Amino acid sequence: MRQRWVQIASLAAALFAINVIARVVIRIGFNEDDTAQNRVSIVMFAVIGLVLATVTFFRSQRVPPSSWLPELAAAAIGGMLLTILVGPLVSGDGPFSGGAGNFFSQVWLYGGFAIVGTLLGYWLATMLGRDYRSKSLAAFAKAKLTKPRRVVRR
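In this report, we go over the structure that sits alongside the text. Remember, it's a predicted structure, so these values are computed and weren't measured experimentally. (Residues numbered from 1 in each chain as written. Predicted model: local features only at pLDDT ≥ 70, side-chain atom pairs only at ≥ 80, totals over all residues. Heavy atoms only, no water.)

Remarks on the overall build of the protein
So the rule is basically this: Strands are runs of DSSP state E lasting at least two residues, helices are runs of H or I lasting at least four, and both sets are numbered from the N terminus onward. Atoms considered for the radius of gyration are the C-alpha atoms alone. The globule rule reads 2.2 Å times the number of residues to the power 0.38. The rule is simple: take the accessible area with a 1.4 Å probe, protein chains only, and divide by the maximum for that residue type; under 20% is buried, over 50% is exposed, in between is partly exposed. Contacts between residues were defined by any pair of non-hydrogen atoms, one from each residue, lying within 4.5 Å.
Within the protein one finds five helices and zero strands. For the protein, the α and β elements follow one another from N to C terminus as α-α-α-α-α. Computed over C-alpha atoms, the radius of gyration of the protein comes to 21 Å, more than 25% over the 15 Å expected from 2.2 N^0.38 for 154 residues, which places it beyond the range of a compact globule. Overall size of the protein, expressed as C-alpha extent along the three principal axes, is 90 × 35 × 25 Å. Expressed as a percentage of its 154 residues, the buried residues of the protein come to 29%. Residue pairs at least 24 apart in sequence account for 74% of intrachain contacts in the protein once pairs closer than 6 positions are excluded.

Below you can see the structure in the form of structure tokens.
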């Protein structure tokens, strides 16, 4: 059980680290340019989506979705809370300093990119036949084909 929480916390911390890196880049290079800040933020959300897609792709190959999906959701929610509530403190602002619109747009963007990234990772694994269910069905079919036929006597 402890191993499970360590994985969730480390993924949430990695997602938060992506946010911290983006905030440092914005603070150092684009402090006054709003357009560049928006672009860096979109790139940050896209990288978060790609990280979740990659984690989903590899996790979906080993275990069924009922095992990895709650863990991934918990890590994404934890990363989102850290990003939205603690992240602004890194750049010297408050969580609500940009107003409610900015706060909720970050929630929607983070959630959207996280969901799309997770779906893309799972769909890619399924499309390639590498997800847990496809592997189980292939193993079942192989086992059925390799068994010798029973001879029925009359």
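With respect to the environment of Val86
Within the secondary structure layout, Val86 lies in helix 3 (residues 65-90). Along the primary structure Val86 and Asn102 are separated by 16 residues, whereas in three dimensions their C-alpha atoms are 15 Å apart. Once you skip the residues sitting within four places of it in the chain, Val86 turns out to touch Phe16 and Leu81.

Overview of the nonpolar core
What counts here: Within this scheme, the nonpolar core is defined by two criteria: the residues are buried Ala, Val, Leu, Ile, Met, Phe, Trp, Tyr or Cys, and they are joined through side-chain atoms within 4.5 Å.
Judged by nonpolar contacts, the single largest core of 20 residues is most densely connected at Leu11, Leu15, Met44, Ile48, Leu52 and Tyr110. Among the secondary structure elements, those contributing two or more residues to this core are helix 1 (2-29), helix 2 (34-62), helix 3 and helix 4 (100-127). Among residues more than four places away in sequence, those in contact with Leu11 are Val51, Leu52, Val55, Leu72 and Ala75.

Considerations on the pattern of salt bridges
Here is the rule: Salt bridges are identified by distance alone: a Lys or Arg side-chain nitrogen within 4 Å of an Asp or Glu carboxyl oxygen.
The final tally for this structure, using the stated rule, is two salt bridges. For the salt bridge of Arg4 with Glu71, the shortest nitrogen-to-oxygen distance reads 2.7 Å. Note that Arg4 is positioned in helix 1 and Glu71 in helix 3, a separation of 67 residues in sequence. Glu71 sits in the buried class, given a relative accessible area of 8%. Glu71 is the partner of Arg59 in a salt bridge, and the nearest nitrogen-oxygen pair spans 2.9 Å.

Focus: the layout of surface pockets
Which entries qualify depends on this criterion: Points on a 1 Å grid, built from protein atoms alone, make a cavity when a 1.4 Å probe fits but cannot get out and make a pocket when they are open with protein on both sides within 12 Å along at least 5 of 7 lines; residues with an atom within 4 Å of a point are the lining residues. Grid points are joined across faces, edges and corners, and a volume is the space filled by probe spheres set on the points. Under this grouping Gly is polar, as are all residues other than the nonpolar Ala, Val, Leu, Ile, Met, Phe, Trp, Tyr, Cys and Pro and the charged Asp, Glu, Lys and Arg.
In this structure, the largest pocket spans a volume of roughly 630 Å³. Breaking the lining of the largest pocket down by element, the ones donating at least two residues are helix 1, helix 2, helix 3 and helix 4. A total of seven residues in the lining of the largest pocket trace back to one element, the largest contributor, which is helix 2. A per-class count over the lining of the largest pocket returns ten nonpolar, 13 polar and four charged. Put simply, the second largest pocket is a space of about 270 Å³. Every residue lining the second largest pocket is counted, 15 residues in all, and those nearest its centre are Ala73, Ala76, Ala114, Ile115 and Thr118. For the lining of the second largest pocket, the elements supplying multiple residues, two or more each, are helix 3 and helix 4. Element by element, the count of residues in the lining of the second largest pocket is highest for helix 3, at eight residues. Counted by class, the lining of the second largest pocket contains 13 nonpolar, two polar and no charged residues.

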